[in-house]
Amino acid sequence: MRAVPTRRLHFLWLLCLPAVVSAAPYTPADDAQVLERVPARASDPAARELHALRQQWRRDPQNLALAVRLARRSYDEVAAQGDPRYIGHAQAALQPWLELPDPPVAVRVLRAILLQFDHRFEPALADLDAALRAEPDHVEAAAWRTAIQMVRADYAGARASCQQMAPYTTPLSAASCAAQVDAATGRAAAAAAALRAALRANPQASAPERLWSLTRLAETEERRGEFAAAEAAFREALALGLADVYVQAAFADFLLDRGRPGEVLALLQDRGRADVLLLRLALAARAAGDARAPAHAQELQARFDAARQRGDTSHRKEEARFVLALRGDAQRALVLARENWAEQREAADARVLLEAALAARDAAAAAPVLQWLAASGFESVSLQALAARVRELR
């Protein structure tokens, strides 16, 4: 049996937020401007471990086991810190094997992770399928395949991947995997109940595993309109004390929707390295009348412009939201939201397309989302309210 440490499985939702590490150069207008307060990490055991691992790899770059360890740890830092440099570190570590048509399974899985990060979902799935043919009990490959299938609204495929993974992973991970599919296919109440039961039944589960399950629970309860339960789950997840960009962005959105921008500013203070968090900071600053709002918007614009110059289009969901909410350009936002929906189809993708269609008064543009809601049975009080408003445009 090839079991994968559960600390890694909770990073799988990161692919839903590819702009997390889309960083670009920013030139301040004032030499005295503080761009970022970088935490001192010299005493951080994880930072020391990563530095030591990188030093070992530099002395022996052809060592496959060492390269795989470094690539994994580098990607873990992407999820924890939102620092774009670590993607390059992972790619550099694996470079001798990345172009091979049939690389070792460990490299194939990591290559798939890097491919999906750039929204290259088809080749990523091809690598994961190949890895699972070679090793059907490869939990990490099955988990990543599930995550990509969820992003693409392939719920039958995701359920099958969860079932393949279940015998080889922990009870909490297995239950959470199935629950996320149920929550997207008309069984949200049952999914929330299953998540609560699994969390109670597995108090020994690791903190990262509980973080993953609690975040799934929080999102499910929010979609159901059970806001007190959602907030409680978010706060329990954050209380675990793990650095994780996704849960911070998700809770920030929850607070913004509740009209609590001041809490977002406190939650995300000095966390603007990750684009998804900088976007939430910009939205919160504007809503709160904070003087930093123009600077946040300027920096975001610079990052999006630089990404476009690089040919990077993996951040269109975040840019669509930025353009709509902070630039007031409904037509441009609608173009970006439609392009994004062609690649990934989750709740956040649906929301930005519905909002852009409403702002542009273009009901036809939202038709794919309305069809997805009807076909999947996806339950979300906010999406259903937006969909009702779109239908009134006709």
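Please refer to the structure placed before this passage.
Residues numbered from 1 in each chain as written. Predicted model: local features only at pLDDT ≥ 70, side-chain atom pairs only at ≥ 80, totals over all residues. Heavy atoms only, no water.

Participant: What am I meant to see in the overall build of the chain here?
Facilitator: From N to C terminus, the chain includes 21 helices and zero strands. In the chain, buried positions account for 55% of the 394 residues. Put simply, 63% of the contacts in the chain that link residues at least 6 apart link residues at least 24 apart. Accessible area of the chain: about 16,600 Å², with a carbon and sulfur share of 52%. (Helix = DSSP H or I, 4+ residues; strand = E, 2+ residues; numbered from the N terminus. Buried < 20%, exposed > 50% of the residue type's maximum accessible area, 1.4 Å probe, protein only. Contact = heavy atoms within 4.5 Å. Areas by Shrake-Rupley, 256 points an atom, 1.4 Å probe, with all protein chains shown as cover.)

Participant: Explanation requested: helix 4 (residues 85-98) in the structure shown.
Facilitator: In an α-helix there are 3.6 residues to a turn, and that puts residues three or four apart on one side. Over its 14 residues, helix 4 extends 18 Å from the first C-alpha to the last, a length consistent with the 20 Å expected when each residue adds 1.5 Å. The sharpest bend along helix 4 measures roughly 40 degrees and falls at Ala92, with the proline Pro96 sitting one to four residues further on. Buried within helix 4 we find Tyr86, Ile87, Ala90, Ala93, Leu94, Trp97 and Leu98. Residues of helix 4 that are buried make contact with helix 2 (45-59), helix 3 (64-81) and helix 5 (105-117). (Expected span 1.5 Å × (residues − 1). Bend = angle between axes of the 7 residues up to and from the residue.)

Participant: So what exactly am I meant to see when it comes to the environment of Asp362 here?
Facilitator: Secondary-structure assignment places Asp362 in the loop between helix 19 (347-360) and helix 20 (367-376). Overall, Asp362 belongs to the partly exposed group, its relative accessible area being 26%. A sequence separation of 31 residues divides Asp362 from Leu393, and the C-alpha atoms of the two residues are 7.6 Å apart. Setting aside its immediate chain neighbours within four residues, Asp362 contacts Leu334, Ala357 and Leu393. A distance of 3.2 Å separates a polar side-chain atom of Asp362 from the backbone nitrogen of Ala365. (Polar contact = N/O pair within 3.5 Å; in protein donor to acceptor, adjacent residues only side chain to side chain.)

Participant: I keep staring at the pattern of salt bridges and nothing clicks. Help me out?
Facilitator: Two side chains carrying opposite charge are able to pair once their charged atoms lie near each other. Using the criterion set out here, one finds 32 salt bridges in the structure. Taking the shortest distance from any N to any O, the salt bridge between Asp182 and Arg159 comes out at 2.9 Å. Within this pair, whereas Asp182 is found in helix 9 (residues 171-183), its partner Arg159 is found in helix 8 (residues 155-165), the two being separated by 23 residues in sequence. By relative accessible area, Asp182 is classed as buried at 17%. (Salt bridge = Lys/Arg side-chain N within 4 Å of Asp/Glu carboxyl O.)

Just distances and angles here, no functional claims.
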